[in-house]
Amino acid sequence: MDQALRSYILTRDGGCIARLTVAWCATLWPMFQGLPEPGECRNTWGDVISPFELDKMTIEEVKAELRAGRKAGYSKESCVCVCPGHHFEGRGPGAKWCTKAVVREAVRLYIPAANEKARERGVMV
Ligand SMILES: [Zn+2]
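Residues numbered from 1 in each chain as written. Predicted model: local features only at pLDDT ≥ 70, side-chain atom pairs only at ≥ 80, totals over all residues. Heavy atoms only, no water.

Just to check I follow, could you spell out the environment of Glu37 for this structure?
Structurally, Glu37 can be placed in the loop between helix H1 (3–13) and strand S1 (41–42). Exposure remark for Glu37: the relative accessible area of 67% places this residue in the exposed category. Sequence separation of Glu37 and Trp97 is 60 residues, and the distance between their C-alpha atoms is 8.5 Å. At 3.0 Å, the side chain of Glu37 and the backbone nitrogen of Gly39 are in polar contact. (Helix = DSSP H or I, 4+ residues; strand = E, 2+ residues; numbered from the N terminus. Buried < 20%, exposed > 50% of the residue type's maximum accessible area, 1.4 Å probe, protein only. Polar contact = N/O pair within 3.5 Å; in protein donor to acceptor, adjacent residues only side chain to side chain.)

Can you walk me through the packing of H1 against helix H2 (residues 101–120) in this structure?
Two quantities define a packed helix pair, namely the angle between the axes and the distance from one axis to the other. Where H1 contacts H2, the two axes come as close as 10 Å, and the packing angle between them is 90 degrees. It follows that H1 is roughly perpendicular to H2 by the angle criterion. On H2, the residues touching Tyr8, Arg12 and Asp13 of H1 are Tyr110, Ile111, Ala114, Asn115 and Ala118. Residue composition of the contact of H1 with H2, by class: five nonpolar, one polar and two charged. (Axes fitted to C-alpha atoms, helices over the stretch in contact; angles between N-to-C directions. Parallel < 35°, antiparallel > 145°, perpendicular 65-115°, else oblique. Contact = heavy atoms within 4.5 Å. Nonpolar A, V, L, I, M, F, W, Y, C, P; charged D, E, K, R; others polar.)

Interpretation in functional terms is not warranted from these geometric data alone.
What follows is the structure, given as structure tokens:
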């Protein structure tokens, strides 16, 4: 994937988005409240890592609802930062958290809000 886009998404999201389910994020990111418990962030081998280790993070592509079944194509409107554990290929407890339907719903609300906040902060692709 395009390095500028990857860098933008890592900066915009600041780490694995599963961390945003914690209660104190409710004001900024209400769409993440009440989702299934994601558990710890993990690397490719299932070891626990920090959600802020950006060099270990991966990008998950979330298809827009109306285009389900089609590749959305990597863009800042379709991608979020997740750890390898919460990614669709994840292993261990909390694996594939990002692929759950309710999480997908939340992510679709999150992406435009996060892009808007990034724009306000002057973060560009
Ligand atoms: Zn994670």
